[in-house]
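Observations on the three-dimensional arrangement
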Amino acid sequence: MFRFVLTRVLVTGLGVATLSGSLLAQANERVLYVSALDARTKAPLENLTATDVRVTEDGRAREVVRVTPATTPMPVAILVDNQAAAQRTIADLRNALVSFVAELDGIGPIAIVTTADRPTIFQDYTTDAAKLRDAANRIFSQPDSGATLLDAIVEVSKGLGKREEDRVAIVLVTLELTEFSNMHYSQVLDGLKAGGAMMSAVVLQNQQGSTQNDPARNRAVVLDRGIVDSGGVRVDVLTSMSYGGALKQVAGALKHQHRVVYARPETLIPPERTAVSAVKDGVSLTGAPARGQKER
C-alpha cells in the first residue's frame, strides 16, 4: 500500500546526490511543505535553501530543485480536550488559545472543535480574529465527560479532505486522561492520511492515563505515529501553565513553512516512503506532501 512517511531527523554528512541531466529531463516535480526548527531553541528557521534539505524516496536521493516560503492559505482545525478532568486547566487553556489564534492570524481559516462526549464544532472555519478570540475565551470543561479525541480526528479529517487547499493542519490540545473513543488506532491513522492534514499536538502528560486501557493505548499510538507520519510536531508539557509556550512553538512551525520542490524520475512507480531531513546539524525538519498531487 502506498504510504508517505516523513520523518523528523537530525543529520550530518554528505550533501544530496544530484540526478543526471538526462534523468532530470524526464523527471516530474513534486512538492513538500516543510517546517524547519532550530533543534535546540525550537525557533522556526526562515532562510532555508535547496542545499539545506535532503529528500529521499525509498532511500534514493532526489534532486531538490528549489525552496521558497509557503504562501498558500492553510486551514487549521484546533481540537480541544475539554473533558471534565480539564476543569483545573481551563484558565490556562483559554489564555493559551487566545494567544495561539492571534499568532496564526493570516495563515488561513481556523476552526475550534471540542472533544468532550462527542466532537462538537465550537467555532466553524473563519478568518475573523474577533470571533476566534471570543470562542477561545468561551471554552469550558464539560461535567461528567471524557474525551472523544480519536473520533474528532477522523471527523475533522473528513471535512478537511473536502477542501481544495494544498496544505491543511490539525492541532490537538489534549490531556492523557479519559478517552471515550472506541476506534482502533489504524482507523484513525487511515482517516488522517486520507484527509492529508499535518497533525501537531500539545499533550499534557499523565503517565497512568496513557496506557491504562485499550482506548488510551489507541490514543497513545495516534499521538505518536500520527504526528510523525503526517509531518507535524509534538510538544509535551507537565503543567497547563506551559500551554502558551508550547502552542507558540506549534504556531511558529505552521506559520514559517517552506515549499520544497524536488524532482522524481518519470519511470519510477510511486514510492512507499518519502523522507525529508536536514543536511546541516542542529536543524529539525518535519513535512508532508502537498495535497492534490497526482501519482504517476
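Residues numbered from 1 in each chain as written. Predicted model: local features only at pLDDT ≥ 70, side-chain atom pairs only at ≥ 80, totals over all residues. Heavy atoms only, no water.

1. Describing the layout of surface pockets
Basically, it comes down to this: Definitions used throughout: a 1 Å grid over protein atoms alone; a cavity as a set of points that fits a 1.4 Å probe which cannot get out; a pocket as an open set with protein on both sides within 12 Å along at least five of seven lines; a lining residue as one with an atom within 4 Å of a point. Grid points are joined across faces, edges and corners, and a volume is the space filled by probe spheres set on the points. Only runs of H or I of at least four residues qualify as helices and only runs of E of at least two qualify as strands under DSSP, and these elements are numbered from the N terminus.
By volume, the second largest pocket amounts to about 170 Å³. Taken together, Ala 77, Ala 111, Val 113, Pro 119, Thr 120, Ile 121, Gln 123, Asp 124, Tyr 125, Glu 155, Val 156 and Gly 159 make up the full set of residues lining the second largest pocket. Mapped by element, the contributors of at least two residues to the lining of the second largest pocket are β6 (110-114), β7 (120-126) and α4 (149-161). The leading source of residues in the lining of the second largest pocket is β7, at 5 residues.

2. Some details on the nonpolar core
Taken as a class, soluble globular proteins show a tendency for nonpolar side chains to be buried jointly. Keep this limit in mind: By nonpolar core is meant a set of buried Ala, Val, Leu, Ile, Met, Phe, Trp, Tyr and Cys residues that side-chain atoms within 4.5 Å join together. Throughout this description, buried means an accessible area under 20% of the type-specific maximum (1.4 Å probe, protein chains only), exposed means over 50%, and partly exposed covers the range between. For this analysis, residues touch if any pair of their heavy atoms sits within 4.5 Å.
Counting residues in each nonpolar core, the largest one holds 44 residues, and the members touching the most others are Val 76, Ile 78, Leu 97 and Tyr 243. Looking at which element gives the most residues to this core, the answer is helix α7 (residues 243-255), with 7 residues. Not counting the four nearest positions on each side in its chain, Ile 78 is found in contact with Leu 97, Phe 100, Val 101, Ile 110, Ala 111, Ile 112, Val 113 and Val 171.

3. Brief notes about the packing of aromatic side chains
Here a ring pair, both rings aromatic, is described through the centre-centre distance and the interplanar angle of the planes. Rule in force here: In summary, the pairing rule links any two rings of Phe, Tyr or Trp, Trp by its six-membered ring, whose centres are within 6.5 Å, and it sorts them by plane angle into stacked for under 30 degrees, edge-to-face for over 60 and tilted for everything else. Distance and angle both matter: a charge sits over a ring if NZ of Lys or CZ of Arg is within 6 Å of the ring centre and within 35 degrees of the ring normal.
Enumeration according to the criterion identifies 0 aromatic pairs in this entry. The cationic tip of Arg 163 hangs over the ring face of Tyr 125; the distance from NZ or CZ to the ring centre is 4.9 Å. Sitting over the ring of Tyr 33, Arg 167 keeps its end group 5.3 Å from the ring centre.

4. Things to note about empty space enclosed by the protein
Heads up, the rule is: Residue polarity follows a fixed list, in which Ala, Val, Leu, Ile, Met, Phe, Trp, Tyr, Cys and Pro are nonpolar, Asp, Glu, Lys and Arg are charged, and the others, Gly among them, are polar.
Inspection of every chain in the model, using the stated rule, returns 2 cavities of 30 Å³ or more. Roughly 50 Å³ of internal volume is contained in the largest cavity. As for the largest cavity, its lining consists of Ser 35, Met 198, Ser 200, Gly 231, Gly 232, Val 233, Ala 253, Leu 254, Gln 257 and Thr 286. Of all the elements in the fold, those that place two or more residues in the lining of the largest cavity are β9 (197-204) and α7. Here the residues of the lining of the largest cavity sort into 4 nonpolar, 6 polar and no charged. When its volume is computed, the second largest cavity comes out at roughly 30 Å³. Its residues placed into classes, the lining of the second largest cavity shows 5 nonpolar, 1 polar and 3 charged.

5. Description of helix α5 (residues 185-195)
Using the following cut-off: Directions drawn from the helix axis to the C-beta atoms are what define this arc.
Of the positions making up α5, those classed as buried are Val 188, Leu 189, Gly 191, Leu 192 and Gly 195. Projected down its long axis, α5 shows its buried positions confined to an angular sector of 160°, all on one face. Residues of α5 that are exposed and point more than 90 degrees away from the buried face comprise Asp 190 and Ala 194. Elements in contact with the buried residues of α5: α4, β8 (168-175), β9 and α6 (214-230). Immediately beyond the C-terminal end of α5, within one or two residues, lies Gly 196, with a positive phi of roughly 75°.

6. Quick look at the confidence of the model for the protein
Close inspection of predicted coordinates is inappropriate in any region flagged by low pLDDT. We apply this condition: pLDDT gives the predictor's per-residue confidence on a scale running from 0 to 100.
On average, residues of the protein score 89 in pLDDT, and 88% of them are at 70 or above. Counting contacts from residues 1-26, a segment whose pLDDT is below 50, to residues more than four positions away or on other chains yields 79 contacts.

7. Re unusual backbone geometry
You will see that Lys 42, though not glycine, has its phi angle at about 65°, which is positive. Tracing the backbone through its elements, the reader meets Lys 42 in the loop between β1 (27-38) and β2 (53-57). The backbone of Asp 58 sits at a positive phi, close to 50°, despite the residue not being glycine. By secondary structure assignment, the location of Asp 58 is in the loop between β2 and β3 (60-62). In this structure Asp 58 comes out as partly exposed when scored by relative accessible area, which is 37%.

8. Examining the sheet that holds β9
Heads up, the condition is: When DSSP locates at least two bridges between a pair of strands, those strands are taken to pair. Under this scheme, a helix contributes an axis fitted over its contacting stretch, all axes are lines through C-alpha atoms, and angles between N-to-C directions fall in the 0 to 180 degree range.
The 6 strands lie next to each other as β7-β6-β5-β8-β9-β10, forming an open sheet whose pairing is mixed. The outermost strands of the open sheet, each flanked by one partner alone, are β7 and β10 (234-237). Taken pair by pair, the neighbouring strands of this sheet meet at an average axis angle of 10°, ignoring direction. As paired elements, β9 and β10 share 4 bridges and run parallel to each other. In the sheet register, Leu 204 faces β10, and the bridge partner there is Val 237. Sitting on the sheet, α7 is in contact with β8, β9 and β10, with an inclination near 165° to β8.

9. Things to note about the packing of helix α2 (residues 90-103) against helix α3 (residues 129-137)
The relative placement of two packed helices comes down to the angle between their axes together with the axis-to-axis distance. The condition is simple: Each angle receives one of four descriptions, namely roughly parallel if under 35 degrees, roughly antiparallel if over 145, roughly perpendicular if within 65 to 115, and oblique otherwise. The handedness criterion is simple: a crossing whose near helix is rotated anticlockwise from the far helix by less than a right angle is left-handed, and one whose near helix is rotated clockwise is right-handed.
Relative orientation of the contacting elements α2 and α3 amounts to 165°, with a least axis distance of 8 Å. Taken as axis vectors, α2 and α3 run roughly antiparallel relative to one another. Note that α2 runs across α3; the crossing there is right-handed. Taken together, the residues of α3 that come into contact with α2 (itself represented by Arg 94, Leu 97, Val 98 and Val 101) are Leu 132, Arg 133, Ala 136 and Asn 137. Classifying every residue of the contact of α2 with α3 by side-chain character gives 5 nonpolar, 1 polar and 2 charged.

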